[in-house]
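Report on the structure
Residue-level listing of the chains:
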Amino acid sequence: LYAGHASGTMPELPKRLVLGRPVVFAGSNPNAELAMTRYRQALEPFGFDDVLSVYEPVAAAYFFAQRLEGSATVFVGDFGGGTSDFSIIRFEKSGNRLSARPLGRSGVPVAGDSFDARIIDAVVAPFLGKGSSYQSFGKTLEIPRHYYGDLANWSRLALMRSDKTLRELGKLAFLSKDPEPLKRLISFIEQEQAYPLYRSIAEAKMTLSVENTATLGFDAGDRHVERVITRADFEGWIEGDLARIGSGIDEALQDAGLGPDGIDRVFLTGGTSYVPAVRKLFQSRFSAERTETGDQLVSIAYGLALIGAEEDPTPWLAAA
């Protein structure tokens, strides 16, 4: 904020801030209360008097509701990096007045990051030594898989560049029957190729949203590797994740006490909503005619801004 202001002083900010949050938080040991405390502590220095939190799919629903011509029960699926969040809201429209009643919600810690991890596990990790073996006290053992779990998780990948991890990998390469893949992994880490890899994965996923094949390219050591991925392969890798998303959809319906026929409109937002298999999941339950996407990358931000402009945003707030 300071750097972006010409005078070098803090610009005057509004007193109300509307903050988006997932329905569920992702991670090995998620703690929603801790996460929200950290949000508030980070924002305190900026002088906001009123910090309000709104479930992200609710914000997307509010944005989507602006285009409704009449009353409707809307199912919103919001697909982020770490979570897929669902909300069901009944909108009543009378003239220019819009009112809403939340009916149900759910969330699963599966989304774009999980899909990335499947691609890394199937395509990248084997080239960097996953599944290979080493000798220890006369025994043949598999290279520990936790290294490849870290490789497939962007939040842990940066931590692999520690001296301890690199020493361990170097020792394993020395003991390995085929050291070259592990040497490529060490080089990948040392040369900080994570960002280019994840960018290439994002591009491949986007291509697979419109084509049947995509090429994934990445650098490891002195080699540039390219692998062709088919949409069928990708959908096979994420089959378990799709099942968990499907369970989240059913849980939201159960929470609302509705069946699929009780939903008038379905709105999908977030980058992962571009994935054809995700859209098919909703179309199979609710029909293609009721399912739509749009403004996938900005609908939540728009919705939060609109809620912030409301005289009384209370109906839209997340549970404390």
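Now for a look at the structure at hand. (Residues numbered from 1 in each chain as written. Predicted model: local features only at pLDDT ≥ 70, side-chain atom pairs only at ≥ 80, totals over all residues. Heavy atoms only, no water.)

A closer look at the overall build of the protein
Threshold: Every helix listed is a DSSP run of H or I at least four residues long, and every strand listed is a run of E at least two residues long, numbered separately from the N terminus. For each residue, the accessible area found with a 1.4 Å probe, counting protein chains only, is set against the maximum for its type, and the residue is called buried under 20%, exposed over 50%, and partly exposed in between. We call two residues in contact whenever any of their non-hydrogen atoms come within 4.5 Å of each other. Computed by Shrake-Rupley with a 1.4 Å probe, the accessible areas treat only the displayed protein chains as cover when residues are assessed. Counted as positive: Lys and Arg. Counted as negative: Asp and Glu. His and the chain ends are not counted at all. By convention, the charge on Lys lies at NZ, on Arg at CZ, on Asp at CG and on Glu at CD.
The helix and strand tally for the protein stands at 12 helices and 11 strands. Of all 320 residues assigned to the protein, the portion counted as buried reaches 44%. Long-range contacts, defined here as pairs at least 24 residues apart, represent 65% of the contacts in the protein between residues at least 6 apart. Approximately 16600 Å² of the protein is accessible, and the part contributed by carbon and sulfur atoms is 50%. Of the charged side chains in the protein, 34 are positive and 41 negative, and the gap between their average positions amounts to 5 Å.

Examining empty space enclosed by the protein
Under the convention used in this document: Buriedness for pockets is judged along seven lines, at least five of which must meet protein on both sides within 12 Å for an open set on the 1 Å grid over protein atoms alone, while cavities are sets there where a 1.4 Å probe fits but cannot get out, and lining residues have an atom within 4 Å of a point. Grid points are joined across faces, edges and corners, and a volume is the space filled by probe spheres set on the points. In this classification, Asp, Glu, Lys and Arg are treated as charged, Ala, Val, Leu, Ile, Met, Phe, Trp, Tyr, Cys and Pro as nonpolar, and every other residue, Gly included, as polar.
Under the defined criterion, the tally for this structure stands at 1 cavity of 30 Å³ or more. The space that makes up the largest cavity amounts to roughly 40 Å³. Every residue along the wall of the largest cavity is listed here: Lys205, Leu208, Ser209, Arg231, Phe234, Glu235, Val275, Pro276 and Ala277. For the lining of the largest cavity, the secondary structure elements donating two or more residues are helix H8 (194–208), helix H9 (231–237) and helix H11 (276–286). At 3 residues, H9 tops the list of elements feeding residues into the lining of the largest cavity. For the lining of the largest cavity, the per-class residue count stands at 5 nonpolar, 1 polar and 3 charged.

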